[in-house]
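# Descriptive structure summary
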Amino acid sequence: PSSTAHGPAAIPFVLNKNQKRKHPSWDERFKELVEFKNINGHTNAPQQCGPLCRWVHDQRSYHQYLLKEGKYSSLTIDRREKLESIG
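An account of the accompanying structure is given in this report. (Residues numbered from 1 in each chain as written. Predicted model: local features only at pLDDT ≥ 70, side-chain atom pairs only at ≥ 80, totals over all residues. Heavy atoms only, no water.)

The interhelical angle for the contact between helix 1 (residues 26–40) and helix 3 (residues 77–86), taken along N-to-C directions, is 10°, at an axis separation of 11 Å. The orientation of helix 1 with respect to helix 3, classified from their angle, is roughly parallel. Counting all contacts with helix 1, which are made through Trp26, Asp27, Phe30, Leu33, Val34 and Lys37, the residues of helix 3 involved are Arg79, Lys82, Leu83 and Ile86. Partitioned by chemical class, the residues of the contact of helix 1 with helix 3 number six nonpolar, no polar and four charged. (Axes fitted to C-alpha atoms, helices over the stretch in contact; angles between N-to-C directions. Helix = DSSP H or I, 4+ residues; strand = E, 2+ residues; numbered from the N terminus. Parallel < 35°, antiparallel > 145°, perpendicular 65-115°, else oblique. Contact = heavy atoms within 4.5 Å. Nonpolar A, V, L, I, M, F, W, Y, C, P; charged D, E, K, R; others polar.)

It is worth spelling out the layout of surface pockets at this point. In this approach, a probe sized like a water molecule rolls over the atoms, and the result shows the empty space that is left. Computed from the structure, the largest pocket encloses a volume of approximately 250 Å³. For the largest pocket, the lining is made up of 13 residues, of which Gln59, Arg60, Leu83, Glu84 and Gly87 are closest to its centre. Elements supplying a minimum of two residues to the lining of the largest pocket: helix 2 (51–68) and helix 3. If you tally residues by element for the lining of the largest pocket, the top one is helix 2, at five residues. For the lining of the largest pocket, the residue count by class is six nonpolar, four polar and three charged. (1 Å grid on protein atoms, 1.4 Å probe; cavity = no way out; pocket = protein on both sides within 12 Å on 5 of 7 lines; lining within 4 Å. Points joined across faces, edges and corners; volume = space filled by probe spheres on them.)

So far we have only geometry, and geometry alone does not tell us how the molecule works.
Printed below as a string of structure tokens:
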């Protein structure tokens, strides 16, 4: 192995395509929310119930930043419409 000015030569990083992502994608969380609604009849997930509930809380915060405060939000119009479509 050769070295560079920054230390030993870099070892290429290869991501295993079958390896699961550490954090679910937005679409995966959305599917979980749809399931939650199918089971519970609503999307009012309490904040204390785990990762999905935290995600729901975050989406509501992003919505508030975007619409009420006019601030930057990672909630896109497409995502907002998807969320509104399930109630």
